[in-house]
Protein chains: 2
Amino acid sequence: MIYVIGIGPRGIDEITPKALKALNDCDIISGYSRYIELIRSHFPGKIFMSYSMREELKRCNDALALSREHKNVALISSGDAGVYGMAGLMLEVASGSGEDVQIISGITAANSCASILGAPLMNDYVTISLSDLLTDWSIIERRLICACEGDFVICIYNPASNHRPDNFRRACKILIHHGKSESTIAGYVRNAGREGEFSRITTLGEIMNEDIDMLCTVIIGNSKTYVSNGKMITPRGYKL
Amino acid sequence: MIYVIGIGPRGIDEITPKALKALNDCDIISGYSRYIELIRSHFPGKIFMSYSMREELKRCNDALALSREHKNVALISSGDAGVYGMAGLMLEVASGSGEDVQIISGITAANSCASILGAPLMNDYVTISLSDLLTDWSIIERRLICACEGDFVICIYNPASNHRPDNFRRACKILIHHGKSESTIAGYVRNAGREGEFSRITTLGEIMNEDIDMLCTVIIGNSKTYVSNGKMITPRGYKL
């Protein structure tokens with residue numbers, strides 16, 4: 001049996017009881033080393049398998065092999081495993097094996113970061129990852145343009161990394177070029193819910209000059225998003 | 001003090017410890033009657049305030065008045081309060097009052113339904129509400145078209161209600177008219193995580209004929225979404 005579990009943003013106090021129960025029921029907890037360290041101390045007696053980034057396929061193959069040996073394995077992702085996490089790949093790897101794979105939701109970065117910034121996702125939004133390791137940049141660019149044209153709120157995952165430090169600036173320029181005003185409200189959160197949490201609300205024109213790294217999630221408002229009392233609010237449309 | 005709390009899809013076993021603590025710390029738990037009933041029995045000794053639909057502004061005004069009387073109030077939404085929930089309106093109503101409003105995330109329907117259907121949100125996606133009570137249909141239509149053009153996975157909230165039974169069929173026809181193939185994989189979940197949970201995976205062409213009501217969330221795949229072992233999977237792009 002394999003559980004693919006989203007542990008939410010911050011370790012133990014945003015993991016659901018359903019996910020906690022599955023973690024406790026497992027023999028082995030497996031995942032990216034950074035996330036294993038977030039939860040390790042809460043599960044004494046478990047076997048932990050820590051992996052580096054880019055070993056996603058190995059994690060899934062190992063989990064499948066262990067499940068075949070009648071072990072219960074929890075494969076963890078931060079946030080929600082079903083959003084740019086391990087859920088899809090695990091289902092693909094296990095397909096046809098006869099092994100049971102259960103996905104257990106967690107709070108994804110869009111929602112945890114939104115709650116820190118205020119309420120920016122109260123109207124229709126897109127999530128776009130700027131990682132072009134697995135998706136051609138041409139597709140990412142097209143999606144950014146469509147998000148502009150629909151006046152969606154835009155939540156950006158994986159805005160930058162050491163290997164692609166300029167993707168975020170590039171994305172902002174595309175948005176501005178396709179009609180998103182530089183004065184559009186934009187905010188970001190680094191280390192949501194973890195030690196060193198930092199957030200700032202600014203504008204699309206200004207956020208390009210911020211230090212946006214791989215630990216950040218960015219939310220760019222729609223044309224109606226505004227700031228009140230230090231909170232970023234996208235109106236749902238109620239008349240006050 | 002006002003907490004706006006997402007209780008997730010199913011009541012108690014998908015509420016985070018952080019949200020549970022805030023609920024326990026409050027004097028009063030307030031919300032739509034259906035959601036109050038989901039959690040009432042778990043919080044003996046609390047005062048509950050149940051409201052009907054469309055009383056959103058009253059809920060917020062009441063919460064603000066109680067907070068001014070030094071009560072701690074928990075205003076709940078199902079799913080995540082920051083996604084088509086109570087977070088934004090509460091911040092708008094409390095703005096300038098000096099009362100402290102804290103938003104606590106929950107698991108939103110997109111994520112809970114995705115985990116039941118498989119892993120359909122592994123690539124870029126949009127969420128669109130088909131409720132035209134607060135958003136003009138022309139805007140909804142434009143967003144559906146942009147979502148098509150970007151080949152986004154599309155998660156549909158509020159697909160239908162008694163007042164607008166045809167919005168969902170209308171939306172599907174717009175998607176097909178703008179190039180989304182009728183054979184695109186599409187799935188839906190009714191009562192995610194609750195008694196009477198039901199889910200089905202079919203195609204965009206077929207889902208129009210399903211009984212999609214206000215208790216359903218619908219996820220329509222991108223051009224690469226497929227079904228394997230009864231699970232809906234949108235590939236992230238890994239080479240197996």
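Refer to the structure above for everything that follows.
What counts, and at which threshold
- Residues numbered from 1 in each chain as written.
- Chains lettered and ligands numbered in written order.
- Predicted model: local features only at pLDDT ≥ 70, side-chain atom pairs only at ≥ 80, totals over all residues.
- Heavy atoms only, no water.
- Helix = DSSP H or I, 4+ residues; strand = E, 2+ residues; numbered from the N terminus.
- Buried < 20%, exposed > 50% of the residue type's maximum accessible area, 1.4 Å probe, protein only.
- Contact = heavy atoms within 4.5 Å.
- Arc of directions from axis to C-beta.
- Phe/Tyr/Trp six-rings, centres within 6.5 Å; stacked < 30°, edge-to-face > 60°.
- Lys NZ or Arg CZ within 6 Å of the ring centre and 35° of its normal.

Asker: Let's hear about the environment of Ala63(A): which residues, and what values?
Answerer: Residues and elements named next belong to chain A. Looking at the element boundaries, Ala63 is found in helix α3 (residues 56-68). Take Ala63: its relative accessible area is 2%, and that puts it in the buried class. In the structure, Ala63 is positioned 34 residues away from Ile29 in sequence and 9.5 Å away in space, judged by C-alpha atoms. In contact with Ala63, other than residues within four places in its own chain, are Ile2, Val73 and Met90.

Asker: If you had to explain helix α1 (residues 17-25) of chain A to someone new, which residues and values would you point to?
Answerer: All names here are of chain A. Residues of α1 that are buried include every one of Ala19, Ala22 and Leu23, and no others. The buried residues of α1 all sit within an arc of 100 degrees when viewed along its axis, so they share a single face. Packed against the buried residues of α1 are β1 (2-6), β2 (28-32), α2 (33-39), β4 (73-77) and β5 (101-104).

Asker: Which residues make up the packing of aromatic side chains, and what values do they have?
Answerer: To describe a pair of aromatic rings, you give the distance between the ring centres and the angle between the ring planes. Counted under the stated rule, the structure contains six aromatic pairs over all chains. Ring geometry for Tyr84(B) and Tyr157(B): centres 5.0 Å apart, planes at 55 degrees, overall tilted. Of this pair, Tyr84(B) sits in the loop between β4 (73-77) and α4 (87-94) while Tyr157(B) sits in strand β8 (residues 153-157), placing them 73 residues apart in sequence. Per residue, the accessibility class of Tyr84(B) equals that of Tyr157(B), and both read buried. With a centroid separation of 6.0 Å and 50 degrees between ring planes, the pair formed by Tyr188(B) and Phe198(B) is classed as tilted. Here the residue Tyr188(B) occupies a position in strand β9 (residues 185-190), and Phe198(B) occupies one in strand β10 (residues 198-203), the gap between them amounting to ten residues. Its relative accessible area of 2% is what places Tyr188(B) among the buried residues. Looking at Arg143(A), its charged tip hangs above the ring of Phe152(B), at a distance of 5.7 Å from the centre.

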